[in-house]
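A structural walkthrough
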Amino acid sequence: MSKITVHLAQTVDRSYRIEVKPGALDSLAAFILRQRRGSKVFIITDSNVEMLVGRKIQRKMYEAGLETLLLSFPAGEKSKNQRIVHALHTQLLAGDIRRDSLIVALGGGVVGDVAGYVAATISRGVAFIQVPTTLLSQVDSSVGGKVGINHPRGKNLIGAFHQPMAVFVDPDVLRTLPQREFCSGLAEVVKIAAALDRRLFQFLERNAHRVSKSNPKLLTEIISRCVALKAAVVEADEFESGLRRSLNLGHTIGHAIESSTNYSINHGEAVAIGLVTESTVAHRMGLLSSRELDRLISLLKKLGLPTGMPQLRNTTKFFSSLSADKKSVGGRAKYVLLSAIGSCVIGVDVSTTLVQNVVMESRRVR
Ligand SMILES: NC(=O)c1ccc[n+]([C@@H]2O[C@H](COP(=O)([O-])OP(=O)(O)OC[C@H]3O[C@@H](n4cnc5c(N)ncnc54)[C@H](O)[C@@H]3O)[C@@H](O)[C@H]2O)c1
Ligand SMILES: [Zn+2]
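Residues numbered from 1 in each chain as written. Chains lettered and ligands numbered in written order. Predicted model: local features only at pLDDT ≥ 70, side-chain atom pairs only at ≥ 80, totals over all residues. Heavy atoms only, no water.

**What about the pattern of salt bridges?**
- According to the stated counting rule, one finds 22 salt bridges in the structure shown.
- Measuring nitrogen to oxygen at the nearest pair gives 3.1 Å for the salt bridge that ties aspartate 26 to lysine 60. Residue aspartate 26 is located in the loop between strand S1 (17-20) and helix H1 (28-35), and its partner lysine 60 is located in helix H2 (residues 47-63); the two are separated by 34 residues in the primary sequence.
- What makes lysine 60 partly exposed here is its relative accessible area of 37%.
- Salt-bridge contacts for aspartate 349 lead to lysine 334; the nearest nitrogen and oxygen are separated by 3.9 Å. Remark: lysine 334 occurs in strand S9 (residues 334-340) and aspartate 349 occurs in strand S10 (residues 343-349); sequence separation between them is 15 residues.
- What you see here is one network of salt bridges that share partners, running through Glu77, Lys80, Asp113, Lys155 and Glu258. (Salt bridge = Lys/Arg side-chain N within 4 Å of Asp/Glu carboxyl O. Helix = DSSP H or I, 4+ residues; strand = E, 2+ residues; numbered from the N terminus. Buried < 20%, exposed > 50% of the residue type's maximum accessible area, 1.4 Å probe, protein only.)

**Focus on the site of ligand 1**
- Taken together, 27 residues form the shell around ligand 1, and within it Asp46, Glu77, Thr133, Thr134 and Thr176 come nearest.
- For ligand 1, an oxygen atom lies 2.9 Å from a polar atom in the side chain of asparagine 48.
- At a separation of 2.8 Å, a nitrogen atom of ligand 1 approaches a polar backbone atom of lysine 146.
- Breaking the shell around ligand 1 down by element, the ones donating at least two residues are H2, helix H4 (109-121), helix H5 (135-141), strand S7 (154-161) and helix H6 (179-196).
- Within the shell around ligand 1, the residues separate by chemical class into eight nonpolar, nine polar and ten charged. (Near = heavy atom within 4 Å. Polar contact = N/O pair within 3.5 Å; in protein donor to acceptor, adjacent residues only side chain to side chain. Nonpolar A, V, L, I, M, F, W, Y, C, P; charged D, E, K, R; others polar.)

**Some points on the domain arrangement of the chain**
- Looking at the assigned domains, one finds that the chain contains domain 1 (17-176) and domain 2 (182-364).
- Placing a centre on the C-alpha atoms of domain 1 and another on those of domain 2 gives a separation of 26 Å.
- For the pair domain 1 and domain 2, the two sides together bury roughly 2,500 Å², of which 66% comes from carbon and sulfur.
- For domain 1, the biggest contributors to the area lost against domain 2 are Leu135, Val139 and Lys155; these three give 24% of the whole. (Domains from an automatic or database assignment. Buried area = accessible area lost by both parts, 1.4 Å probe.)

**Description of the environment of threonine 5**
- Summarising the element assignment, threonine 5 is placed in the segment before S1.
- By relative accessible area, which is 56% here, threonine 5 ends up exposed.
- Spatially, the C-alpha atoms of threonine 5 and serine 72 are 44 Å apart, while their sequence positions differ by 67 residues.

**A short note on the side chain of serine 246**
- Mapped onto the fold, serine 246 is located in the loop between helix H8 (216-236) and helix H9 (251-260).
- Overall, the relative accessible area of 3% leaves serine 246 in the buried class.
- Polar side-chain contacts of serine 246 include one of 2.5 Å to the backbone oxygen of leucine 243.

**So, the coordination of the zinc ion (ligand 2)**
- Around the zinc ion (ligand 2), the protein contributes the donor atoms Glu188 (OE), His251 (NE2) and His267 (NE2), which lie 1.9 to 2.1 Å from the metal centre.
- Ordering the donors of the zinc ion (ligand 2) by residue number gives the pattern E-x62-H-x15-H. Note that glutamate 188 is positioned in helix H6 and histidine 267 in helix H10 (residues 267-284), a separation of 79 residues in sequence.
- Look at glutamate 188 and you get buried, because its relative accessible area is 2%.
- Residue histidine 267 is classed as buried on the basis of its relative accessible area of 16%. (Donors = N, O, S within 2.8 Å, 3.2 Å for Na, K, Ca; no water.)

Here it is as structure tokens:
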């Protein structure tokens, strides 16, 4: 018998830049040209974004001399599945994708997750750029390299870590975003502030009435602060073994709401409800004061977000989704709980009965 060690030192610098500025999209083609990657550029987008900006960007790339193919799939969470991934793999192979090609993920969090997963898996990994077009993807999902799809057993259960080579955040593209989607993005903003930054939370409380799609200056500031926080967390804990788990605040319950309502409640809305429900659990456990809980609920309401549990047609599915959560250990869900605005505790073992009680009470006072 022999013992051989495979020494794997990290030799490649995978650092990347995140550009947050109105008009950032105008510099995308020039940036790609500077990378001098061999063959084609493949833009992956969804059916809405294709029409709104996708074709325009493809034309700009073409004018800059880049051979560009645009692939699109039906918009919406239900497209985060194996069938769409397979179809994209097939189209990329038909388009002669090579390891030195480049994929551009142009769209919201669904496109970022799907296109990123496709980029991670095709030809054992092709470079990709994130171009987020929803508030949610600009403040959160485009940074950090978590990519993946859903499985009938639960949300985001299939995936990989694949960091982008750059992120282009252009707040101007948010002008066409439906109000419901805009609010949904604000839920992740509140999550980031509540989990990590008390001053950002206070800033949001003071400015809640001014937050809107037509206030690009304020939006750019909020997006930049969120992205800086997320970048720092990813730098400290890329593979989510500790600190990064704090960004799952509100998501254990949030994911179960999404999958048990068959995704009729969108991600941000489910996160808002998850934040309140999980923080109520934290309060009952003596971790969070009632004043801080009230501040959280009040800010979410001011930003147009739901805070009470929806009518669940299938409570069994909801509670079984909770235990299918990736964060669970030995069949028990592990929670990230708020201990004060701006700080949280990771890996808390919570009694199932307490969660059930809080969920049922929240349904009654909806
Ligand atoms: N990978 C991560 O770290 C991470 C983090 C948070 C959320 N997520 C994932 O992100 C997803 C949610 O993302 P989302 O809220 O962006 O949803 P989404 O991608 O479905 O976008 C929402 C809707 O807005 C449309 N849209 C996108 N850009 C637009 C624009 N500029 N103008 C008009 N319409 C536009 C889309 O076509 C879609 O209909 C979830 O699947 C969630 O799991 C991932
Ligand atoms: Zn999220």
